[in-house]
Amino acid sequence: MVNGYPHWQTVPLRWKDNDVYGHVNNVVHYSIMDTVINTWLIERGGLDISGSGSGGVIGLCVESKCGYHASVSFPGTLRVGLRVAHLGNSSVRYEVGMYTADETLVAEGHFVHVFVDGETRRPVPVAGKLRESLEELRV
């Protein structure tokens, strides 16, 4: 568990990620966080993003934040660390760190998901395989 993150994913930067200032635009960092989190939920947690499986459960982002520490640009990759800082009954707070290959911290942020019924949008307990996968990320 390097830097306190039990899961790591490499994310390639794309040409379109650079903005007119020649660095990865701030909104791309949010997209990367969202992608790493949802990749984990789908692959390890069994989340069906259509809402039709997994008991019709989906995760809604209710809060997000990102702090920027260094600039990065295409071409390149980011090593993205993922952990769970808080796992409640129906919500989870993820923390994400984005690093260059030489371990320079580029950005760090958090997302809060509330898991809800896909139809009613009412909170539901995080249970089963989904909860087990989130427990693996807990620090």
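Residues numbered from 1 in each chain as written. Predicted model: local features only at pLDDT ≥ 70, side-chain atom pairs only at ≥ 80, totals over all residues. Heavy atoms only, no water.

Draft legend 1. Here's a closer look at the sheet that holds strand S5 (residues 105–117). Spatially, S1-S3-S4-S5-S2 is the arrangement adopted by the five strands of the open sheet, whose pairing is antiparallel. Looking at strand neighbours, the two that pair on one side only are strand S1 (7–12) and strand S2 (57–68), the edges of this open sheet. Averaged over all neighbouring strand pairs, the angle between strand axes comes to 25 degrees, with direction disregarded. Here strand S4 (residues 91–99) pairs with S5 via nine bridges, running antiparallel. (Pairing = 2+ DSSP bridges. Helix = DSSP H or I, 4+ residues; strand = E, 2+ residues; numbered from the N terminus. Axes fitted to C-alpha atoms, helices over the stretch in contact; angles between N-to-C directions.)

Draft legend 2. Broad picture of the pairing of S5. By the criterion of burial, S5 is predominantly enclosed, with 10 of the 13 residues buried. Direction of pairing for S2 relative to S5: antiparallel, over a ladder of 11 bridges. Note on S5: the bridge partner recorded for Tyr68 is Ala107. The antiparallel hairpin formed by S4 and S5 contains five residues in its connecting segment, where Glu103 sits at a positive phi of about 70 degrees. (Buried < 20%, exposed > 50% of the residue type's maximum accessible area, 1.4 Å probe, protein only.)

Draft legend 3. Expanded view of the pairing of S1. Here S1 shows a clear split, with His7, Gln9 and Val11 buried on one side and none of Trp8, Thr10 and Pro12 buried on the other. Across six bridges, S1 lies against strand S3 (residues 77–87) in antiparallel orientation. When the bridges of S3 are listed, His7 appears paired with Leu82.

Draft legend 4. Region of the structure containing the side chain of Asp19. Position of Asp19 among the secondary structure elements: in the loop between S1 and helix H1 (26–43). At 3.2 Å, the side chain of Asp19 forms a polar contact with the side chain of Asn25. (Polar contact = N/O pair within 3.5 Å; in protein donor to acceptor, adjacent residues only side chain to side chain.)

Draft legend 5. Focus on the packing of aromatic side chains. Taken as a whole and judged by the stated rule, the model has three aromatic pairs. Joined through ring pairs, the aromatic side chains of Tyr5, Trp8 and Tyr99 make up one cluster. Stacked on the ring of Tyr5, the Lys or Arg Arg83 has its end atom at 4.2 Å from the ring centre. (Phe/Tyr/Trp six-rings, centres within 6.5 Å; stacked < 30°, edge-to-face > 60°. Lys NZ or Arg CZ within 6 Å of the ring centre and 35° of its normal.)

Draft legend 6. The nonpolar core, seen in detail. If you look at the biggest cluster of nonpolar residues, it comprises 32 residues, and the most contacted ones within it are Ile32, Leu41, Tyr94, Met98, Phe115 and Leu134. Put simply, the parts of the chain that give this core at least two residues each are H1, S2, S3, S4, S5 and helix H2 (128–136). If one sorts the elements of this core by residue count, H1 sits on top with seven residues. For Leu41, the contacting residues outside a window of four places in its chain are Gly46, Leu47, Tyr94, His113, Phe115, Leu130 and Leu134. (Core = buried A, V, L, I, M, F, W, Y, C linked by side-chain atoms within 4.5 Å. Contact = heavy atoms within 4.5 Å.)

Draft legend 7. Summary view of H1. With 18 residues, H1 extends 26 Å from end C-alpha to end C-alpha; this agrees with the ideal 26 Å at 1.5 Å per step. Within H1, the full set of buried residues consists of Val28, His29, Ile32, Met33, Val36, Ile37, Trp40 and Leu41. Its buried side turned inward, H1 meets S1, S2, S3, S4, S5 and H2. Capping of H1 at its N-terminal end is provided by Asn25; its side-chain oxygen lies 3.1 Å from the backbone amide nitrogen of Val27. (Expected span 1.5 Å × (residues − 1).)

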